[in-house]
Amino acid sequence: MNAPSRMWRKHFDERGLRWLFGAFFLALAVPAALLVAQAYGQLKWEALRTTQLAAEELAARIDAQLVTAVAGEDARSFGDYSFLVVTGDAAANFVQRSPLSAFPVASSVPGVLGYFQLDAAGKLSTPLLPGPEVAPASYGIGAEEQAARAARIAELRAVLAQNHLVRPARDEGAPPPALADKPGFGNLVSGGGAAPRAVAPAAPPPAAATSAAATSASASASAPTDAQAAFDQLAAGALSKARAANAAGAAEEQRSVTAEKSNPPERQQRADTKDSERRTRVEQALAPEPKVVAPQGEADSTQAKAKAKAELDIRTFASEIDPLELGMLDTGHFVLFRNVWRDGQRYIQGALLDRAAFLASTVEAPYRTSAVAGVTDLAIAHQGRTLAVLSAGGAPASYASTPQELAGTVVHRTRLSPPFGDLEIAFSVNALPRAPGTTLLIWVSVTLAVVLIGGFLLMYRFAAGQLRLARQQQDFVSAVSHELKTPLTSIRMYGEMLKAGWADEAKKQTYYDYIQSESERLSRLIDNVLQLARLTRSSQRIDAKSVLVTELLDLVRSKVATQVERAGFELRVRNDTPAETAAVVDADCFAQIFINLVDNALKFSAGADVKVVELACRSEPDGSLLFTVRDFGPGVPKAQMKKIFELFYRAENELTRETVGTGIGLALVRQLAMAMNARIDVRNCEPGAEFRLSVRS
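Remember, it's a predicted structure, so these values are computed and weren't measured experimentally. (Residues numbered from 1 in each chain as written. Predicted model: local features only at pLDDT ≥ 70, side-chain atom pairs only at ≥ 80, totals over all residues. Heavy atoms only, no water.)

Asker: When you look at the confidence of the model for the protein chain in this model, what are you seeing that I'm missing?
Answerer: Atom-level detail of predicted coordinates should not be read off regions where pLDDT is low. Chain-level statistics for the protein chain give a pLDDT mean of 76 and a share of 72% at 70 or above. Ranking the elements of the protein chain by mean pLDDT puts helix 4 (residues 185-192) last, at 32, and strand 3 (residues 112-118) first, at 94. Under a pLDDT of 50 for its full length, residues 242-274 has, in the predicted model, 36 contacts with residues more than four places off or in other chains. (pLDDT = per-residue confidence, 0-100. Helix = DSSP H or I, 4+ residues; strand = E, 2+ residues; numbered from the N terminus. Contact = heavy atoms within 4.5 Å.)

Take a look at the structure:
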């Protein structure tokens, strides 16, 4: 095979090896990457599902707390909204303060500012203070507390009046024209208000109840008052907006990835069941009605009014109580109210709630302490209008970034149970938490990538090295064949000429010297090959012992002097150590090393201007001895300083090289140095190169 074909095959083999390993790597890496991506995606969806379940649990917990709180408010009797209530047997005439008269206001529903009641005429009263017929001091209310209660009552009236639910205090006796002119008011009164219902009393009413005034009030109850119409409008508007919000919410849930899980049909069925459970109830109640009796002879005096004592008439009546409803006022307050029917007249009872305090206690507080607070944003809406958005606090261990297709995804959306059905809470993804197994998957992925990439790199380097070794061996065989064939041909030719007597006496000596030189060259080649074979089989025995430096240098001089002279070079030997200095070496291996180093120097500095080879020895600071061989040739390229000691490596191209050799000389030098626990290296000088052998002294 000629040289061009060898070069073509070399590039083809390396390129083909790269293509082969690249295809093999992709065949394993692509499926592995797909599997890891699939597993990671599955864990991501598991994390999403876990977040959804946590959001559902939190929403259910918030709803359950509100249901429990409202159940207590729903169970309150009609009389609880008055300052005084009757307890026990009616004949005992035992009257005490209502539980709603406590101050500061305490309620199972957070954020309650105060309770109120509107009678059939639209007059506002609260359980915080009794009517003018009863002195608050007689029930343990001091002047300072009475002023605080009065301020709270004024606050309640101001908020309700600002939202057109009651008349201002100054207009208590006349209907406010602004309410009658309110947009849509007439339609709501005529068609949207609740129809009055007559309830027969459980006991015959007293004479006071059958008076002309009561008859007139009962007759006027056939149409709702201004205040009642305002509450009807609040309830009607809430119903229509809630329907629209529910329709929009249903459309949004269809776009949510978890719509079918977060709002199944059975949930709607449960909600309908809750609505049906909150039905109108009828109760029998006792109510004290104060009647002022003044002491005789002091009816018109100021002292008489101060000493006035309330006598209570206890009445038994039946009332029909509707479930509580929730509305949001223009001022931002919530109002929780219900309709109560008594003696054919309609009353409105309820509580005014501070929206911020209510949401902070019922929604925000459970959210902040829950597991979903770090990974989701919680939006609170009323009839489709966003009231607040609670942002995530950041997950301690989350995915590096939530994928764009999941960011903002609504994982759970639900309406609260009545009467808070207009309130809707929605959880959206902010940063997904790590699902169980994510860390393990990451480590497995990293390990797989390292093993796959590292393994293929090692396999490629090994395979490429084997290809290079095979090529080097082929080059070695070619070089050895050339190195053996050329001197043998010359020896045979000169031998035949001498045998035939074709050379005169002058030429005979030249032929003899040439035959001897080529024979020594063949001997060195054969010795190198045999030595390399022994080192490769680890059958070389090293007999290291202490030998004087002068003896070692003399040994080397005797081995290479003739070779140096025939090459036209000068051999210089310098010993910079004391005469008694000795080195621990194997003399034969030492001589073999320097024969190869000198031979290498002669070959690569043949064209140098200074034809000198220097052998030297000097002591090192660490106590070792440094033997050097220097030539004055072109030196060694920096990129090849480590490669020249590799087996079969040749610095020159096989097609253009001018020096002879097999590429095993310097490799053999390194093997022999390692066998003697010595160290060999090379450095460039100006000019030339210097090979240095460091041995123990």
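Having seen the model, we can carry on.
Asker: How should I be thinking about unusual backbone geometry in this particular structure?
Answerer: Glycine aside, a negative phi is what most residues show, and trans is what most peptide bonds show. For the bond from F103 to P104, the omega torsion is 0°, close enough to zero to count as cis. With respect to the helices, strands and loops of the structure, P104 is situated in the loop between strand 2 (95-97) and strand 3. At D343, a residue that is not glycine, the phi angle is positive and equals roughly 55°. Mapped onto the elements, D343 comes out in the loop between strand 8 (334-342) and strand 9 (345-353).

Asker: Mind showing me how you'd approach the sheet that holds strand 10 (residues 376-382) here?
Answerer: Either a parallel or an antiparallel arrangement is found when strands of a sheet pair, and the pairing is made through backbone hydrogen bonds. Strand order in the open sheet formed by four strands is 11-10-13-12, and the pairing between neighbours is antiparallel. Both edges of this open sheet fall to strand 11 (385-390) and strand 12 (410-415), since each of them pairs with a single strand only. When the angles between neighbouring strand axes are averaged without regard to direction, this sheet yields 20°. (Pairing = 2+ DSSP bridges. Axes fitted to C-alpha atoms, helices over the stretch in contact; angles between N-to-C directions.)

Asker: What's the story with the sheet that holds strand 17 (residues 612-619) in this structure? I'm lost.
Answerer: In spatial order, the strands read 15-17-18-20-19; together these five strands make up an open sheet with mixed pairing. Both outer strands of the open sheet, strand 15 (570-575) and strand 19 (679-684), are each paired with one neighbouring strand and no more. On average, each strand axis in the sheet is tilted by 15° relative to the strand beside it, whichever way the strands run. The pairing of strand 19 with strand 20 (residues 689-695) spans six bridges and is antiparallel.

Asker: I would appreciate a short explanation of helix 15 (residues 665-675) in the present structure.
Answerer: Note: α-helices contain 3.6 residues per turn, so residues at a spacing of three or four share the same orientation. Every buried residue of helix 15 is accounted for by G665, L666, A667, L668, V669, L672 and A673. Immediately downstream of helix 15, the backbone of N677 shows phi near 60°, a positive value. (Buried < 20%, exposed > 50% of the residue type's maximum accessible area, 1.4 Å probe, protein only.)

Asker: Quick question: what am I supposed to make of the side chain of S98 here?
Answerer: Within the element layout of this structure, S98 appears in the loop between strand 2 and strand 3. For S98, a relative accessible area of 4% corresponds to the buried category. A distance of 3.4 Å separates a polar side-chain atom of S98 from the backbone oxygen of S82. Setting aside its immediate chain neighbours within four residues, S98 contacts D80, S82, F83, L84 and V85. (Polar contact = N/O pair within 3.5 Å; in protein donor to acceptor, adjacent residues only side chain to side chain.)

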